[in-house]
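If you want the building blocks of each chain, they are given just below.
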Amino acid sequence: MRREIYQALKERLHEKIEGLKHIGMWNENIEDLPSGMLFETPAVFVEFAPITYTSAGQGTPRVPMEIVLHLVHKYTPEEPHESLELSDERRCLEDDPLAYLDLIEQVESAPIGLAGDGFSGLQLISSDLDHQHGELMHHWATFVTGVGYPSSMIIRDRYRKAPSLQVGLKQG
């Protein structure tokens with residue numbers, strides 16, 4: 001089920017958010033970047049929170065699933081002497097120190113209502129801004145969806161079979 005949700009999210013984010021340069025799976029991607037960045041920014045990473053399964057009947061799991069979208073982008077500082085006059089003029093993320101606020105709203109709104117076979121429409125339940133950052137800013141938005149594994153035998157069998165792994169052994 002996670003594969004379907006991940007692929008649907010990737011497609012939706014790519015469609016709805018102009019300028020994203022990377023979408024991938026979350027793996028504490030910004031904790032330690034000693035050899036430089038391995039991805040371009042702005043980037044969105046998808047994290048599947050741990051889940052607890054319950055039975056909806058006949059042993060078919062039904063579960064609420066939380067999905068966290070991590071938005072990572074380079075920090076653009078505000079100019080201390082910039083005019084206080086407000087402007088509706090949109091600038092790019094690299095030039096506008098507040099453009100990330102628009103980007104966060106896009107990341108928060110794009111997945112709302114996204115649904116597919118076996119999962120209900122995503123609902124935004126929380127988000128948080130990075131207020132203690134270095135060169136990279138990291139924000140996150142949490143969504144919840146209801147997941148029910150399919151009950152049809154053909155589709156259900158797909159989830160029960162582990163992927164086959166090809167392992168080459170050297171004989172020597």
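Residues numbered from 1 in each chain as written. Predicted model: local features only at pLDDT ≥ 70, side-chain atom pairs only at ≥ 80, totals over all residues. Heavy atoms only, no water.

### What to know about the side chain of His-138
Argument step 1. Relative to the helices and strands, His-138 resides in strand β6 (residues 136–148).
Argument step 2. In this structure the side chain of His-138 is engaged in a polar contact, spanning 2.7 Å, whose partner is the side chain of His-70. (Helix = DSSP H or I, 4+ residues; strand = E, 2+ residues; numbered from the N terminus. Polar contact = N/O pair within 3.5 Å; in protein donor to acceptor, adjacent residues only side chain to side chain.)

### Overview of a nonpolar patch on the surface
Argument step 1. A contiguous nonpolar surface patch, about 200 Å² in accessible area, is contributed by Leu-98, Leu-101 and Leu-129.
Argument step 2. With respect to the helices and strands, Leu-129 occurs in the loop between β5 (123–128) and β6. (Patch = residues over 30% accessible without salt bridge, like charges linked within 9 Å, V, L, I, M, F, W, Y side chains within 5 Å. Areas by Shrake-Rupley, 256 points an atom, 1.4 Å probe, with all protein chains shown as cover. Salt bridge = Lys/Arg side-chain N within 4 Å of Asp/Glu carboxyl O.)

### Structural notes on the environment of Gly-146
Argument step 1. Position of Gly-146 relative to the elements: it lies in strand β6.
Argument step 2. Here Gly-146 falls in the buried class, since its relative accessible area comes to 13%.
Argument step 3. Sequence separation between Gly-146 and Phe-119 is 27 residues, and the spatial gap between their C-alpha atoms is 5.5 Å.
Argument step 4. When near neighbours in sequence (up to four residues on either side) are disregarded, Gly-146 contacts Arg-62, Val-63, Pro-64, Gly-118, Phe-119 and Ser-120. (Buried < 20%, exposed > 50% of the residue type's maximum accessible area, 1.4 Å probe, protein only. Contact = heavy atoms within 4.5 Å.)

### Considerations on the environment of Pro-42
Argument step 1. Within the secondary structure layout, Pro-42 lies in the loop between β1 (22–25) and β2 (43–48).
Argument step 2. Pro-42 sits in the buried class, given a relative accessible area of 6%.
Argument step 3. Spatially, the C-alpha atom of Pro-42 lies 7.4 Å from that of Gly-19, the residues being 23 residues apart in sequence.

### Side note on the pairing of β2
Argument step 1. Burial analysis of β2 places five of its six residues in the buried class, the great majority of the element.
Argument step 2. Across six bridges, the pairing between β2 and strand β4 (residues 61–74) is antiparallel. Each bridged residue has a counterpart across the sheet, and for Glu-47 the counterpart in β4 is Val-68. (Pairing = 2+ DSSP bridges.)

Such coordinate-based values are descriptive only and should not be taken to indicate function.
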